[in-house]
Number of protein chains: 2
Amino acid sequence: MQTILVLGAGLSSGSLIQYFLDQSDRGWKIRVGDINPELARQRIKDHPAGEAFHFDVFNHEQRSLEIRSADIVVSLLPARMHYLVAEACVELGKNMVTASYLSPAIKALDESARKKGVVLMNECGVDPGIDHMSAMQMIDKIKAEGGCLKAFESSTGGLVAPGFENNPWQYKFTWNPRNVVLAGGEGARFLHNGKFKYIPHHKVFRRIEIIEVPELGAFEVYGNRDSLTYRETYGLHNLDTMFRGTIRRPGFCEAWDIFVQLGATDNTYVMEDTENMTHREFINSFMKYRTDIPVETKLALYLGVDEESAMMDRLRWLGIFENTRIGISGLTPARILQKILEEKWKLDPGDKDMIVMQHQFDFILKDQHFKRYSTMVFIGKDSKQTAMSMTVGLPLAMVAKQILTGQFNEPGVQLPIIPAIYDPVLEELKEYGIYFVEEESLIS
Amino acid sequence: MQTILVLGAGLSSGSLIQYFLDQSDRGWKIRVGDINPELARQRIKDHPAGEAFHFDVFNHEQRSLEIRSADIVVSLLPARMHYLVAEACVELGKNMVTASYLSPAIKALDESARKKGVVLMNECGVDPGIDHMSAMQMIDKIKAEGGCLKAFESSTGGLVAPGFENNPWQYKFTWNPRNVVLAGGEGARFLHNGKFKYIPHHKVFRRIEIIEVPELGAFEVYGNRDSLTYRETYGLHNLDTMFRGTIRRPGFCEAWDIFVQLGATDNTYVMEDTENMTHREFINSFMKYRTDIPVETKLALYLGVDEESAMMDRLRWLGIFENTRIGISGLTPARILQKILEEKWKLDPGDKDMIVMQHQFDFILKDQHFKRYSTMVFIGKDSKQTAMSMTVGLPLAMVAKQILTGQFNEPGVQLPIIPAIYDPVLEELKEYGIYFVEEESLIS
């Protein structure tokens, strides 16, 4: 009998918990703890191998007690709480997996984890997660073939599936809205044709690339934070190009950029009297005092856009020029924008979501320049088994299984970039319809 | 005998220490401590009332010892170190004055300072400092006349004196270059005609106002962080307009904005291989990879400016398109820009600096709308007795004297916004040629 301790029963936990329950005849007990035990209970659905309970990560005693009696810990808690769990796991000699970015605090536990023989595995969801696994599998394959990698570009988007893109943005929230509103806030840094490139926040949504996805057509890609660190992670030191991006439907970025230009995505200060502010006043507060023209015209003039453009239609559709009261006090611009968007960009019943991921590899093999595309398109099953929940939860669960079954037991702070992890996980993901399609062409 | 402990012998300390030494026959001993004792010695210049010594604020024992034997402490240390001094002052029952913005940490000492009967006086330099004193004197005067204040706008600039503005920017560093490079980074928030207005960093230098200063002509003003908090500080709750800004010569802001648009003022990340990077590569790294046109043309196209404009001349004059190596590793964009600017914007021997401050007050008196301007222009004496050093150091020294002589003894965390402080200080500043000229006109 092995106990899997799942901490957090939020959005991404459904597919992961189901995976464990479905395979519980391996001798697994699945204990799911959440600050809201009802949420945990809904995930377990009376399954005999499952147990739901109230869990408070800040309760030191409970944290130790639960981790002590587990065989592996899967933390789906908010990222800033992982460290508390990781520290206890090292102390108590328990393995741990998460879908979150490896933090410096957890990285610092590497030595003590090694000493204790504990695996602290990070970044095992979709992005980060499947991106690492699929990229590294291909990179290792190109190397094995004798190819010399020159360029690597990788982009991912959490989107609405075709047929459900029924608004002018062709976008709805399929994941944490906060992250979408704050996206690009740190700018983007990458390597292009041997030159380091740096884009500040207020240019991220103007410096976009276009990609083509088989059967789905064109998408826009905007740069994603610091791509440069991936050279180290992936062991790629002679690259000329290294870029990571986020995928949206065409037209999204130029319209979103309006909010960035206004300053409406700022999360660093609280605005005055937001309770009585209207959407229209919110937008107006970012522009000069002037009463001779309507807010719409002022916006178009201020940012140099055509008042009759598709971009302005997208803004109008969001209701940002309406006299609707915000009704909540003490909000930052980003929180107000999020509130306005949540009403409009919510999934309708029956809507399906979609994950699109595309890697591009340029490599030299026998003096010839090849370009290989590797593309994953995965559409959610329904409103519970969303593409996001499945692509985050399933690889995470599969990595946990690799560790639980002793297939992987390299101690220390880990990422899923080694064949012993990525090969079996990518293989098993195919059973769920999560797979990559490759295309290759000779460039010169 | 009273001991004045001056901590920090940097840029702003000259006029302050000289003021104390000149009046040392009041029975004052002036002890000047700096991490570099030679700097302290240069300020004292063998004056019998002065003593220079090595001072390390992080040495707990020395800190306590020195503060214990002082009658008042003037901290000119970097702002983040004031708290260490303030805490010790409260504990040891000593009064303290600084020219820095009141920090939340020091604000939190208010109650314990009151209990101990200790004065913790902040913001007694020029900006903040003389701005508070002169504004509050005028605000109180308008109130006393029966006027109802509707708008208050206040701007200050540390500039080069006329005759020495001999570069295309009409600007040189007369103060901490770091603050100039990072200026505007938090955006600007203010109140205009009853509407709250918010400007993000990347629009601050585009949303400028023009002011006229008697005998000096036109200046540009860009918004200065959070003007809204001053309503509370100044006790102004029925204002329609409240704005604080920074003054530059015309043309400065549009050219500076180029750096902001590029992302060259970012201080949040370290660039790659800055040691071998040239100025030209620095600028190029913020733009798309493209080799068919020169960097200058690419910049003009990217930001929509005319390649033959005065704005581009200003950039060229700085040498940012030259192949000069930066030569230092591990720098942020802001630090690189600062390094480039420091070489070009340095004061030449014989150059004089200038402080310009202008308040505008709109008020209603007997149903008539009046506008009153109150303007200070102060030109430095020489390269030691700069306008900056005098306008920062003298009011600070005068406030210290008010406290030392028992003229002011209200305990707690204080700002120089009460008549008992601002009246004598503004009066005494006139003796040094630091004074305001008023102009009033009837608007309607």
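In the block above lies the structure referred to throughout.
Report follows, based on the coordinates.

Calculation rules
Residues numbered from 1 in each chain as written. Chains lettered and ligands numbered in written order. Predicted model: local features only at pLDDT ≥ 70, side-chain atom pairs only at ≥ 80, totals over all residues. Heavy atoms only, no water. Helix = DSSP H or I, 4+ residues; strand = E, 2+ residues; numbered from the N terminus. Contact = heavy atoms within 4.5 Å. Areas by Shrake-Rupley, 256 points an atom, 1.4 Å probe, with all protein chains shown as cover. Lys, Arg positive; Asp, Glu negative; His and termini not counted. Charge placed at Lys NZ, Arg CZ, Asp CG, Glu CD. Pairing = 2+ DSSP bridges. Axes fitted to C-alpha atoms, helices over the stretch in contact; angles between N-to-C directions. Phe/Tyr/Trp six-rings, centres within 6.5 Å; stacked < 30°, edge-to-face > 60°. Buried < 20%, exposed > 50% of the residue type's maximum accessible area, 1.4 Å probe, protein only. Left-handed = near helix turned anticlockwise from the far one by under 90°. Nonpolar A, V, L, I, M, F, W, Y, C, P; charged D, E, K, R; others polar. Least-squares fit on C-alpha atoms with pLDDT ≥ 70 in both.

Side note on the overall build of chain A
Thought 1: When you go through chain A residue by residue, the secondary structure sums to 17 helices and 17 strands.
Thought 2: For chain A, the C-alpha atoms occupy an extent of roughly 75 × 60 × 40 Å along the three principal directions.
Thought 3: Within chain A, contacts between residues at least 6 apart in sequence are counted, and of these 70% link residues at least 24 apart.
Thought 4: For chain A, the accessible surface area stands at approximately 18,200 Å², while carbon and sulfur atoms represent 48% of it.
Thought 5: When the 49 positive and 59 negative side-chain charges of chain A are each reduced to one mean point, those points stand 2 Å apart.

Some points on the sheet that holds strand 5 (residues 95-98) of chain A
Residue and element names in this part refer to chain A.
Thought 1: A sheet is described by the order of its strands in space; here seven strands give the open sequence 3-2-1-4-5-6-16, paired in parallel fashion. Of all the strands in the sheet, the pair left with one neighbour each is strand 3 (50-54) and strand 16 (412-414). The average undirected angle you get between the axes of adjacent strands in this sheet is 20°.
Thought 2: Of the pairings in the sheet, the one linking strand 6 (residues 119-121) to strand 16 comprises three bridges and is parallel in character. In the strand pairing of strand 16, Met121 is matched with Gln414.
Thought 3: Seen against the sheet, helix 2 (residues 37-44) touches strand 2 (28-34) and strand 3 and runs at an angle of roughly 170° to strand 3.
Thought 4: Against the sheet, helix 3 (residues 60-68) contacts strand 1 (2-7), strand 2, strand 3 and strand 4 (72-75), and its axis sits at roughly 170° relative to strand 3.

Looking at the packing of aromatic side chains
Thought 1: Per the stated rule, a full pass over the model turns up 48 aromatic pairs over all chains.
Thought 2: Ring centres of Phe252 of chain A and Trp345 of chain A lie 5.7 Å apart, and the angle between their planes is 35°; on these two criteria the pair is classed as tilted. Note that Phe252 of chain A is positioned in helix 11 (residues 252-262) and Trp345 of chain A in the loop between helix 15 (333-344) and strand 14 (353-365), a separation of 93 residues in sequence. Here Phe252 of chain A and Trp345 of chain A have matching classes, each one buried.
Thought 3: Considering the side-chain rings of Tyr19 of chain B and Tyr432 of chain B, the 6.3 Å spacing of their centres and the 45° angle between planes classify their relative orientation as tilted. Here Tyr19 of chain B, found in helix 1 (residues 13-22), pairs with Tyr432 of chain B, found in the loop between helix 17 (419-430) and strand 17 (437-442); they are 413 residues apart in sequence, far enough to count as distant.
Thought 4: Accessibility expressed as a relative area gives 2% for Tyr19 of chain B, which makes it buried.
Thought 5: What links up through ring pairs into an aromatic cluster is the set Trp169, Tyr171, Phe173, Phe252, Trp256, Phe259 and Trp345 of chain A.

Remarks on the packing of helix 11 (residues 252-262) of chain B against helix 14 (residues 310-317) of chain B
Residues and elements named next belong to chain B.
Thought 1: Interaxial distance between helix 11 and helix 14 falls to 9 Å at its minimum, and their mutual angle equals 65°. Crossing of helix 11 over helix 14 shows right-handed handedness. Facing helix 11, whose interface residues are Glu254, Ala255, Ile258 and Phe259, helix 14 presents Met311, Arg314 and Leu315.
Thought 2: The class makeup of the residues in the contact of helix 11 with helix 14 is five nonpolar, no polar and two charged.

Details of the relation of the copies chain A and chain B
Thought 1: Note on the copies: chain A fits chain B at an RMSD of 0.0 Å, the axial shift is 0.0 Å, and the rotation between them is 180°. Such a combination of turn and shift is consistent with a two-fold rotation axis. No C-alpha of chain A lies nearer the rotation axis than that of His202 of chain A, which sits 3.5 Å from it.
Thought 2: Same-surface contact between copies: 100% of interface residues of chain A are shared with the interface of chain B.

A look at the pairing of strand 10 (residues 209-213) of chain A
All names here are of chain A.
Thought 1: As judged from the five bridges shared by strand 10 and strand 11 (residues 217-223), these two strands associate in the antiparallel manner. In the sheet register, Ile211 faces strand 11, and the bridge partner there is Phe219.
Thought 2: Between strand 10 and strand 11, which pair antiparallel and follow one another directly, the connecting turn spans three residues, one of which, Glu215, has a positive phi of 70°.

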